[in-house]
Amino acid sequence: MTARDDTTTRLLQELSDAKTWPARFKRELSSGSDVSHEIREADKKIEELEKRANEALKRLGCVSPETRSVYHGMADMLINWSTFKDSLE
């Protein structure tokens, strides 16, 4: 595996992990925990992951098979996060 592959693999794992954050926050909120600080921090991390994913998409280009995985990982993460944030309002 090349350095680029390692970087993309790590990014995909981080995107997948971030996709699970809303479910964890929902559980904590339903148990009465104040996770507002953690949600704000996660929001910043989501923005950073989106930025890194966009950079990876540019770097990989349209011919790389990894491009689709990064795109879908980013989209899934953003959809889950946006849906969660909308449910807080």
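Keep in mind that what you see is a predicted model, and the values were worked out from it rather than measured.

1. Some thoughts on the nonpolar core
Of all hydrophobic cores here, the largest spans 19 residues; its most connected members are Leu11, Trp21, Phe25, Leu49, Val70 and Trp81. Among the elements of the structure, α1 (3–30), α2 (36–60) and α3 (65–88) are those that each provide at least two residues to this core. Broken down by element, the residue count for this core peaks at eight residues, all from α2.

2. Structural notes on the confidence of the model for the chain
Averaged over the chain, the pLDDT score is 93; the fraction of residues at 70 or greater is 96%. Predicted confidence in the chain is weakest over α1, with a mean pLDDT of 92, and strongest over α2, with 96.

3. Remarks on the packing of α2 against α3
Direction vectors running N to C along α2 and α3 enclose 155 degrees, while the axes themselves pass 10 Å from each other. By the criterion of interaxial angle, the relationship of α2 to α3 is roughly antiparallel. With respect to the hand of their crossing, α2 and α3 are arranged in left-handed fashion. Facing Ile39, Ala42, Asp43, Ile46, Leu49, Glu50, Ala53, Asn54, Ala56, Leu57 and Leu60 of α2, the residues of α3 in contact are Glu66, Thr67, Val70, Tyr71, Met74, Met77, Leu78, Trp81, Phe84, Lys85 and Leu88.

The rules behind each value
- Residues numbered from 1 in each chain as written.
- Predicted model: local features only at pLDDT ≥ 70, side-chain atom pairs only at ≥ 80, totals over all residues.
- Heavy atoms only, no water.
- Core = buried A, V, L, I, M, F, W, Y, C linked by side-chain atoms within 4.5 Å.
- Buried < 20%, exposed > 50% of the residue type's maximum accessible area, 1.4 Å probe, protein only.
- Helix = DSSP H or I, 4+ residues; strand = E, 2+ residues; numbered from the N terminus.
- pLDDT = per-residue confidence, 0-100.
- Axes fitted to C-alpha atoms, helices over the stretch in contact; angles between N-to-C directions.
- Parallel < 35°, antiparallel > 145°, perpendicular 65-115°, else oblique.
- Left-handed = near helix turned anticlockwise from the far one by under 90°.
- Contact = heavy atoms within 4.5 Å.

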